[in-house]
Amino acid sequence: MSKSAIFTGLVIFIIIALFPFWINFGKTAPVPEPELVGKAKTAKKCVLDKMDMRANHMSLLDEWRDSVVRDANRIYTNTDGKEFAMSLSTGENSCLGCHEDKSKFCDKCHNYASVDPYCWECHTEPKEIK
Amino acid sequence: MNQKYLVPLAVVFLLFLVAYTGVEGAGLQGFFGIFVPYAAVVAFFGGFFYRVTKWARSAVPFRIPTTCGQQKSLPWIKQNCIDNPNTGTGVFLRMVLEIFLFRSLFRNTKAAFNRSEKNELTYSWEIFLWVGALAFHYAFLTVIIRHLRFFIEPVPGWIKFLEYLDGIAQVGLPGLFLSGVVLLAAVLFLLARRIYDNKVSHISLAADYFPLFLIIGITISGISMRYFTKVDIMGIKELTMGLVTFNPVIPEGISGLFYGHVFLVSILFAYFPMSKLMHMAGIFLSPTRNMANNNRAVRHINPWNYDVKVHTYEEYEDDFREKMIEAGLPVDKKE
């Protein structure tokens, strides 16, 4: 192969591979702060500790879903002995029952981390129904 | 037991532990989260550039194609245009198939003695290296592209689409990414092949095992972070975005597992240009694949031929014409 072809290829590769650096050039990407609105504002604590929720809420939801759908068990007791009616979006103690505004809470993080839970294909946000 | 794989295995363990304990014990987040990744990027691009330009400088005096088909010949003999191309288009197609589909591996055969009484040598088609290599490379590519979600804000749609496709099985929460499973399975297969296939194990060195163990370590730590031990993804994206926007920050509360993962990745990148992994660039320069086989149609002049000073017969005759005529020798020009 000719030297100029090799060199062109090399430069193209380097430019493409460095793409995260130049596409963000001069930008800053502040981490979004999920807002506690509605009942979550007055509630002191989430289902689990804050850091645990942050990293583990999807596994908790998985656990809840299996428990409700497979074992027909709708009551979850957390480490403090507080009871929750396990639900994504129905009732006072559901995730969205307490975190009332999905777009100001869940979505803020999810857009940043590029996750798009498929739950909302079937489950609805209580706000949407009203 | 074989030190050729035990040593690299131990080294990968140690590297992971160095970063893990360095962060959890000694609080060296800044070193492992900022300095090492930047150094690895510099080493990767610098080394890559150096290796390729060094290769580009070497002479290619003539064409040395290895061919797997009939070359261009008489008009009534059918040429194999891709396996033995005589045109640029044919070469391009051959390279595309090689780079994207690993055709050379597809042709892999195995020689073994027949179990029958005659005990003759037989060759059989051996497809698993090709399958394993394809699965490995494409899964790895998917995983790398998916990781761009940590380095771009806002995340472009095509990356989200890839994530959607990768998570299409919708198993568990967080949703299972198929590429991670395929990657781990394929790299374990490639390792097993090196260890258990005697012929391959015989020619395998530490430099063959080290990248495999490194990739296994990276895969296991990554899978563990996503599905099992869990880490604070928001904090991690803050760190990675800090790196690519040149405003490095170390958020609180990121587990040592993440720093171990990043350290192994940094080692992989820094080690890349000095290792066999450079076949990523080298495949484009394979002299047996990237040139048209036209040795019999086109004259290729050796580029390092220098001008040889020659003394032609005409000049010789000019020098000695009179003496030759005197001695009665025949000359071309009488004057």
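Residues numbered from 1 in each chain as written. Chains lettered and ligands numbered in written order. Predicted model: local features only at pLDDT ≥ 70, side-chain atom pairs only at ≥ 80, totals over all residues. Heavy atoms only, no water.

Draft legend 1. Fine view of the overall build of chain A. Along its length, chain A carries 7 helices and 2 strands. Secondary structure elements of chain A, listed N to C terminal, follow the sequence α-α-α-α-β-β-α-α-α. Computed over C-alpha atoms, the radius of gyration of chain A comes to 22 Å, more than 25% over the 14 Å expected from 2.2 N^0.38 for 130 residues, which places it beyond the range of a compact globule. For chain A, the spread of C-alpha atoms along the principal axes amounts to about 70 × 35 × 30 Å. In chain A, which comprises 130 residues, the share counted as buried stands at 32%. Summarising the internal contacts of chain A: among those between residues at least 6 apart in sequence, 53% fall at separations of at least 24. Here chain A displays about 8,400 Å² of accessible surface, and carbon together with sulfur accounts for 60% of that area. Each charge sign in chain A was given a centre, from 17 positive and 18 negative side chains, and these centres are 6 Å apart. (Helix = DSSP H or I, 4+ residues; strand = E, 2+ residues; numbered from the N terminus. Rg over C-alpha atoms; globule rule 2.2 N^0.38 Å. Buried < 20%, exposed > 50% of the residue type's maximum accessible area, 1.4 Å probe, protein only. Contact = heavy atoms within 4.5 Å. Areas by Shrake-Rupley, 256 points an atom, 1.4 Å probe, with all protein chains shown as cover. Lys, Arg positive; Asp, Glu negative; His and termini not counted. Charge placed at Lys NZ, Arg CZ, Asp CG, Glu CD.)

Draft legend 2. The arrangement of the environment of Leu14(B) in detail. Residue and element names in this part refer to chain B. Within the secondary structure, Leu 14 sits in helix α1 (residues 3-24). The exposure class assigned to Leu 14 is exposed, which follows from its relative accessible area of 54%. Sequence separation between Leu 14 and Leu 165 is 151 residues, and the spatial gap between their C-alpha atoms is 36 Å.

Draft legend 3. Expanded view of the pattern of salt bridges. A complete count under the given rule lists 20 salt bridges over all chains for this structure. Of the charged contacts, one joins Asp62(A) and Arg65(A) as a salt bridge, the two residues approaching to 3.0 Å between their closest N and O atoms. Taken together, the residues span about one helical turn, with Asp62(A) and Arg65(A) both in helix α4 (residues 50-71) at a distance of 3 residues. A relative accessible area of 34% means that Arg65(A) is categorised as partly exposed. Put simply, Asp197(B) and Lys199(B) hold a salt bridge, and the shortest N to O gap is 3.8 Å. Among the charged side chains, a network of salt bridges with common partners joins Lys39(A), Glu92(A) and Glu100(A). (Salt bridge = Lys/Arg side-chain N within 4 Å of Asp/Glu carboxyl O.)

Draft legend 4. The packing of helix α2 (residues 29-57) of chain B against helix α10 (residues 233-244) of chain B, seen in detail. All names here are of chain B. Viewed as axis vectors pointing N to C, α2 and α10 meet at an angle of 45°, and their least axial separation amounts to 11 Å. Taken together, the axes of α2 and α10 lie oblique to each other. Classified by chirality, the crossing of α10 by α2 is right-handed. Contact residues: α2 offers Gly 33, Ile 34, Pro 37 and Tyr 38, while α10 offers Leu 239, Gly 242 and Leu 243. (Axes fitted to C-alpha atoms, helices over the stretch in contact; angles between N-to-C directions. Parallel < 35°, antiparallel > 145°, perpendicular 65-115°, else oblique. Left-handed = near helix turned anticlockwise from the far one by under 90°.)

Draft legend 5. Summary view of the confidence of the model for chain A. Put simply, chain A has an average pLDDT of 87, and 98% of its residues get 70 or more. Per-element averaging of pLDDT across chain A places helix α7 (residues 126-129) of chain A at the bottom with 68 and helix α1 (residues 3-17) of chain A at the top with 93. (pLDDT = per-residue confidence, 0-100.)

Draft legend 6. Quick peek at the nonpolar core. The biggest cluster of nonpolar side chains holds 57 residues, and the ones touching the most others in it are Phe48(B), Phe136(B) and Phe258(B). The set of elements that each furnish at least two residues to this core consists of α1 of chain A together with α1, α2, α5 (128-147), α7 (178-196), α9 (206-228), α10 and α11 (256-271) of chain B. Of the residues forming this core, the biggest block, 11 residues, is contributed by α9(B). Not counting residues within four places of it along the chain, the set of residues in contact with Phe258(B) comprises Met225(B), Ile236(B) and Leu239(B). Core analysis: the next-biggest nonpolar cluster, separate from the first, contains 9 residues, Val47(A), Leu48(A), Phe84(A) and Met86(A) among them. (Core = buried A, V, L, I, M, F, W, Y, C linked by side-chain atoms within 4.5 Å.)

Draft legend 7. Quick look at a nonpolar patch on the surface. On the surface, Phe7(A), Val11(A), Ile15(A), Trp22(A), Ile23(A) and Phe49(B) cluster together into a nonpolar patch covering about 520 Å² of accessible area. At the level of elements, α1 and α2 (19-23) of chain A are the ones that each hand at least two residues to the nonpolar patch. Element by element, the count of residues in the nonpolar patch is highest for α1(A), at 3 residues. Mapped onto the elements of the fold, Val11(A) is located in helix α1. Since its relative accessible area comes to 34%, Val11(A) is described here as partly exposed. (Patch = residues over 30% accessible without salt bridge, like charges linked within 9 Å, V, L, I, M, F, W, Y side chains within 5 Å.)

Draft legend 8. Representation of helix α6 (residues 157-166) of chain B. Residues and elements named next belong to chain B. All of the buried residues along α6 are Ile 159, Glu 163 and Asp 166. Along α6, the residues classed as buried sweep out an arc of 65° about the axis, all on the same side. Elements in contact with the buried residues of α6: α5 and α7. (Arc of directions from axis to C-beta.)

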